[in-house]
Amino acid sequence: MRIHHLNCSTLCPLGGHFTDRISPGFLAAHMVCHCLLIETSNGLVLVDTGLGIQDVAAPEERINPFLRAILRPKLDVNETAIAQIRALGFDPQNVKHIILTHLDFDHSGGIEDFPDAQIHVLESELRAANDPKGIKAKIRYQATRLSKIKNWNTYYAEGEKWFGFEAVRQLKGIPPEIIMIPLCGHSEGHAGVAINTDRGWLLHAGDAYFFRGEINHDYSCPSGLRGYQKLIEANHKMRILNLIKLRDLAHDHHSEVRIFSSHDSVEFSDLKNEPSRLLAGSPATFENVLWMRQPAPERRPFH
Ligand SMILES: [Zn+2]
């Protein structure tokens, strides 16, 4: 299996240094929507889609104005998954499966660009999105849009555990090396996606955390991101419980599992093996210095 790391929408929330600890001052921070394109024997598998063509063309119809104002997505059609898949030389029709960490617009906006793909998500997430209860759910989910999509495959946690986490091990039509790990809290049915590669496990933790320091070093998070996570969370207790479990996993099994989140641009650059903005004159804060001084294997290139 070959894995491609794609940024399927750059987010530029205000708050600069207090959001990403890379950008100067209070102006735009730099965040990504980290998606995976996996070449498998059963065709291409996408993990999250980021924003889609329709989001870029008509954001006011597709994205809640409150989230648009906070996250400030770049709206560049070249960043959509379908454009990047074509640029890599693949036929988008070969995307047979899409696994979603959850149904927020910045993770699922591109599913309509792949109308024949099977979509895989936890049952509790689809239930929450189809019948949004409360103000947060109504802001985050586009129930009318999602109700038009038919190719759902939904799951409950079952089967053998994975490093102490619940797991979904049999995703329909998908090789057994790719499994879902329920990490609820950020949203009702949020999940990570773990891939067993020949270099160990890779865990896409979605929005279970937002900042690399939350599971490494001093467990810190910039105040802007901390506030946003609290604001949008569906279940505080579950989110914190899963964050603590991810910290333990990162600490106890760092040579077996490489963990990353959806929106941290430094984690993305490390995994894509491209120069990070962190190395290009970013403030020498405590966690920036610690990150750069981390020994292998934590920062090893991983494809
Ligand atoms: Zn997100």
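A. Structural detail: the overall build of the protein. Scanning the protein from N- to C-terminus turns up 13 helices and 10 strands. Judged by the C-alpha coordinates and their principal axes, the protein covers about 50 × 40 × 40 Å. In the protein, which comprises 303 residues, the proportion classed as buried is 58%. A separation threshold of at least 6 residues defines the contact pool for the protein, and within that pool the share at least 24 residues apart is 65%. Summed over its atoms, the accessible surface of the protein is roughly 12700 Å², and 54% of this surface lies on carbon and sulfur atoms. When the 33 positive and 36 negative side-chain charges of the protein are each reduced to one mean point, those points stand 3 Å apart.

B. Up close: helix 7 (residues 123-130). Along helix 7, the residues classified as buried are Glu-123, Glu-125, Leu-126, Ala-128 and Ala-129. Where helix 7 is buried, its residues touch strand 5 (118-122), helix 9 (143-147) and strand 6 (152-155).

C. A look at the layout of surface pockets. As a volume, the largest pocket reaches approximately 230 Å³. Contributing to the lining of the largest pocket are 15 residues, with Ala-128, Lys-133, Ala-137, Tyr-141 and Glu-188 lying nearest its centre. Those elements that place two or more of their residues in the lining of the largest pocket are helix 7 and helix 8 (134-140). Broken down by element, the lining of the largest pocket gets its largest block of residues, five residues, from helix 8.

D. Here's a closer look at unusual backbone geometry. Positive phi, close to 55°, is recorded for Arg-21, a residue that is not glycine. Topologically, Arg-21 is positioned in the loop between helix 1 (17-20) and strand 2 (34-40). For Arg-72, which is not glycine, the phi dihedral falls at a positive 45°. Mapped onto the elements of the fold, Arg-72 is located in the loop between helix 4 (65-71) and helix 5 (81-87). A residue is classified by how much of its surface remains accessible, and Arg-72, at 34% relative accessible area, is partly exposed.

E. Inspection of the coordination of the zinc ion at higher detail. Protein coordination at the zinc ion comes from Asp-106 (OD), His-107 (NE2), Asp-207 (OD) and His-263 (NE2), with a distance range of 2.1 to 2.3 Å. Coordination at the zinc ion is irregular: its four donor atoms span angles of 87 to 161° at the metal. Taken in sequence order, the residues that donate to the zinc ion follow the motif D-H-x99-D-x55-H. With Asp-106 in helix 6 (residues 105-108) and Asp-207 in the loop between strand 9 (200-204) and helix 10 (223-232), the pair connects residues that are 101 residues apart, well separated along the chain. The pair formed by Asp-106 and Asp-207 is uniform in burial state, with each residue classed as buried.

F. Highlighting the sheet that holds strand 4 (residues 95-99). In space, the six strands of this open sheet follow the order 1-2-3-4-5-6, with mixed pairing throughout. At either margin of the open sheet sits one strand with a lone partner, and together these are strand 1 (2-7) and strand 6. For this sheet the average axis-to-axis angle between neighbouring strands, irrespective of direction, equals 20°. Strand direction decides the pairing type here: strand 3 (residues 43-47) and strand 4, joined by four bridges, are parallel. Bridged to Leu-46 within strand 4 is Ile-98. Strands strand 5 and strand 6 of the sheet are contacted by helix 7, whose axis makes an angle of about 95° with strand 5. In the packing of helix 12 (residues 265-272) onto the sheet, the strands contacted are strand 1 and strand 2, and the crossing angle to strand 1 comes to about 145°.

What counts as what
- Residues numbered from 1 in each chain as written.
- Predicted model: local features only at pLDDT ≥ 70, side-chain atom pairs only at ≥ 80, totals over all residues.
- Heavy atoms only, no water.
- Helix = DSSP H or I, 4+ residues; strand = E, 2+ residues; numbered from the N terminus.
- Buried < 20%, exposed > 50% of the residue type's maximum accessible area, 1.4 Å probe, protein only.
- Contact = heavy atoms within 4.5 Å.
- Areas by Shrake-Rupley, 256 points an atom, 1.4 Å probe, with all protein chains shown as cover.
- Lys, Arg positive; Asp, Glu negative; His and termini not counted.
- Charge placed at Lys NZ, Arg CZ, Asp CG, Glu CD.
- 1 Å grid on protein atoms, 1.4 Å probe; cavity = no way out; pocket = protein on both sides within 12 Å on 5 of 7 lines; lining within 4 Å.
- Points joined across faces, edges and corners; volume = space filled by probe spheres on them.
- Donors = N, O, S within 2.8 Å, 3.2 Å for Na, K, Ca; no water.
- Tetrahedral: all angles 85-135°; square planar, octahedral: opposite > 155°, others 65-115°.
- Pairing = 2+ DSSP bridges.
- Axes fitted to C-alpha atoms, helices over the stretch in contact; angles between N-to-C directions.

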